[in-house]
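Structure assessment
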Amino acid sequence: MATFRVIQDRSRKDPLGTSTLAHVRENVEAIQGLFRKEHGPTGLHNVLEVPKAIGSITYSASYSSTPGGLGEGGFGSLASGHNPAVGTLILTITSGICTIDMGVQVCSMVENNSLYPHIVGYNVTAANKVEFYIKKLNVGTDPTALGVAGNSWVAVDGSFDFAVFSVAYDDVAASINEMTPLTRANGLRFGSWNTLVDNTSLQNHWYKKGHTATTGVHKIFDVPVNTALIKWSGATTAGSYSAADENYKSSALALNRVSTGVVEISLASGSWTTPISAFFEADYTRTAGTGSQADIYRVVSETSKKTASKITVYIYKYTAATNIWDRADADFFAVIHSSGVP
Amino acid sequence: MTYVRLPTTLADYPVGKNDLKQQYDNQADIYNAFALKHGVGIGASPWSVSGHHSDPLVVKTVLRVSYTAGGLVSFYGTILQGPGVAPWEWITSGLVYVGIVNLTNVYAAVAVDQSSTTPVRFGTVTYQRNTRQRSFLSTPNYPTVMAVRMFERDTTSGYFNQADMGFTLTVYGVPT
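Rules used throughout
Residues numbered from 1 in each chain as written. Chains lettered and ligands numbered in written order. Predicted model: local features only at pLDDT ≥ 70, side-chain atom pairs only at ≥ 80, totals over all residues. pLDDT = per-residue confidence, 0-100. Helix = DSSP H or I, 4+ residues; strand = E, 2+ residues; numbered from the N terminus. Contact = placed C-beta atoms within 7 Å. Buried ≥ 20, exposed ≤ 12 C-beta atoms within 10 Å, placed from the backbone. Pairing = 2+ DSSP bridges. Axes fitted to C-alpha atoms, helices over the stretch in contact; angles between N-to-C directions. Expected span 1.5 Å × (residues − 1).

All names here are of chain B. Of all residues in chain B, 64% have pLDDT values of 70 or greater, and the mean over the chain is 71. Mean pLDDT per element in chain B: strand β2 (residues 75-79) is the minimum at 43, and strand β9 (residues 167-175) is the maximum at 86. Confidence drops under pLDDT 50 across residues 71-81; counting only partners more than four residues distant or on other chains, this segment forms 22 contacts. Within the model, the stretch residues 130-134 combines pLDDT values under 50 with seven contacts to residues more than four positions away or in other chains. In the model output, the complex is listed with pTM 0.85 alongside ipTM 0.83.

Our next topic: the environment of Ile-311 of chain A. Residues and elements named next belong to chain A. When you line up the elements, Ile-311 lands in strand β15 (residues 311-319). Ile-311 sits 234 residues away from Ser-77 along the chain, and the two C-alpha atoms are 25 Å apart. With near-sequence residues (within four places) excluded, Ile-311 lies in contact with Ile-265, Ala-278, Glu-302 and Lys-306.

What follows concerns the pairing of strand β8 (residues 159-165) of chain A. Regular strands show a simple pattern: their side chains alternate between the two faces of the sheet. Residues and elements named next belong to chain A. Burial within β8 is extensive, with seven of its seven residues counted as buried. Burial along β8 is two-sided: the face carrying Ser-159, Asp-161, Ala-163 and Phe-165 and the face carrying Phe-160, Phe-162 and Val-164 are both buried. Of the strand pairs in this sheet, strand β1 (residues 53-60) and β8 are connected by five bridges, and their pairing is antiparallel. If you follow Ser-56 over to β8, its bridge partner there is Asp-161. One ladder, built from seven bridges, connects strand β4 (residues 103-110) with β8; its direction is antiparallel.

Let us look at the sheet that holds strand β17 (residues 332-338) of chain A. Residue and element names in this part refer to chain A. Across the sheet, four strands lie side by side as β10-β9-β17-β13; this open sheet has antiparallel pairing. Two strands close off the open sheet at either side, each with one partner strand: β10 (241-248) and β13 (276-282). The average angle at which neighbouring strand axes cross in this sheet is 20°, direction not considered. Of the pairings in the sheet, the one linking strand β9 (residues 226-232) to β17 comprises five bridges and is antiparallel in character. Residue pairing in the sheet places Thr-227 in a bridge with Val-335 of β17.

Turning to helix α1 (residues 17-37) of chain B, a few remarks are in order. Its 21 residues place the ends of α1 of chain B 31 Å apart at the C-alpha level, agreeing with the 30 Å of an ideal helix rising 1.5 Å per residue. Turning to α1 of chain B, its buried residues number three or more, namely Asp-19, Leu-20, Gln-23, Tyr-24, Asn-26, Gln-27, Ile-30, Tyr-31, Ala-33, Phe-34 and Lys-37 of chain B.

Structure representation (structure tokens):
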């Protein structure tokens, strides 16, 4: 890969120098080399680490979808037959952007103040199809669903956020006009000048597709706006939550423990921009070794009532000894996507 | 600085020193902004050489592991891409360790694979430090280990047991 060459001010004011022009040309290649590694032909991200498809699937009498952000890479659709059975949702992804080896991130959304934890799993059935299976704890009745012995689950239609990751679909990536290395006597000719200008213009256009100029901040839905490990103080009463290892675009998180296992998440300053897709993952008890059936298992879900100003998270615990699900405080990971830079 | 669109020229356009200077300044702006989130200049780590995202907000590694029943240890899979790639090792039923390289402040999410609607499954993930060392964990190259634990409801007992199944692990972290 070409190296970006710093051209001293004196030299760049000398339009007749072949070596200066050659460095400018090399800089085009240097930028291109960096860019094409993880970006596609139109400037959109094209790499495993950035989702090819991301958004929300919500259920209220019927399924609907909310693509995340600007449509980078193609979201897909709820094609005919997307709900073949209760608790099964088939997402059809835009063809040609994923492989059968795609990875999936998914997080359940439950109704406000839900007493029933949800679980969702995935099954990649084709290079453009992912099936999701949604289940809900099926013990007790409101308001005693939690705290009742039992561990049966039933398939239900429900809401969830998802992201699909897959390898780059076009290794060629963005193309610029090929430039012949400048040699002595090439000097400054209109053809080479035009190509230089055009290439830099293209690169600027591609770059601004997903990045804020001057700061480099990602401004697309595909890249989260907040990520953090959210830690519970461990106190049994009057404890609190705090964020650790936090990364964010515009503002740190503010955390409010409403009650046992119920946490409100917002921004310390400002708010997100809808739509929002959020992923939470329980950080299970740090017991070394292989664990045992007596360990406590936790699942984190979040409400479909999320707004630009607040996301509510519910945490559930399963105690094998008593075969009971209940609310509990716990550490968890949070990844929040929102449109643009809030 | 702000990107300035320069004119292309006809044969007799008098390209001057200010044009060349602006052309270079435009390039420098793009390069510098790009470098901020794409791994340029991060020491000798893999993040510094390739244009990979170094933005802490971007996923660093996606690990998709599939499972085929019929063998005692029958995981297979590949870590697909990224400087944060690391080996993984099956520890026991429903427990896999993943070594993470060149990342700090690591956290992750796991989603579990299933081939039908029937099993009730979920997974969890955590840091796993100071545990018994595995071969790939015994070197300082993999200072961070994420432990993935997977559970399936036993239809006979009605309880959750650790069980092998496919999963996707998405890892976030700050490049080092």
